[in-house]
Amino acid sequence: PAGLSASTFPAKLRRLVNSPHVRSVCWDSQAQGLLIDRSLFEWELLSMGGGHRVALDSFKAMQFHIIVCQLNHYGFQKLPGQAGAAVPGDA
């Protein structure tokens, strides 16, 4: 969106969520929140084996809990057991 610097965490996250190549993060059914498959996210974006290393290089984070801290910083909240979670509490 206009006015959102491409270097900010929200802009980088938005690019990941909207990328057809990233399967571990998606919008919820009302496009008001994110669903994150933690296991897939860690493999796909935080490990060298996932193949999307370029997408994550901009985050400077290598651990899931750091991503969660950033999400919390920008007002995101964890809602355990949401629909679409592979494991209760994973969304």
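Check the entry above for the structure.
Computed from a predicted structure; not experimentally measured.

Draft legend 1. Region of the structure containing the pattern of salt bridges. In this structure the tally under the stated criterion is 2 salt bridges. For Arg23, the salt bridge goes to Glu44, with nearest N and O atoms at 4.0 Å. On the criterion of sequence distance, the pair formed by Arg23 in the loop between helix H1 (9-18) and strand S1 (25-27) and Glu44 in helix H2 (residues 38-46) is long-range, its members being 21 residues apart. For Glu44, a relative accessible area of 2% corresponds to the buried category. Measuring nitrogen to oxygen at the nearest pair gives 3.0 Å for the salt bridge that ties Glu42 to Arg38. Of the two residues, Glu42 and Arg38 are both situated in helix H2; the distance of 4 residues between them amounts to about one turn of the helix. Since its relative accessible area comes to 38%, Arg38 is described here as partly exposed.

Draft legend 2. Region of interest: helix H4 (residues 64-73). Every buried residue of H4 is accounted for by Phe64, Ile67 and Leu71. All buried residues of H4 fall inside an arc of 60 degrees around its axis, so they share one side. Buried-residue contacts for H4 involve H1, strand S2 (34-36) and H2. One or two positions beyond H4, positive phi appears at Gly75, with a value near 95 degrees.

Thresholds applied
Residues numbered from 1 in each chain as written. Predicted model: local features only at pLDDT ≥ 70, side-chain atom pairs only at ≥ 80, totals over all residues. Heavy atoms only, no water. Salt bridge = Lys/Arg side-chain N within 4 Å of Asp/Glu carboxyl O. Helix = DSSP H or I, 4+ residues; strand = E, 2+ residues; numbered from the N terminus. Buried < 20%, exposed > 50% of the residue type's maximum accessible area, 1.4 Å probe, protein only. Arc of directions from axis to C-beta. Contact = heavy atoms within 4.5 Å.

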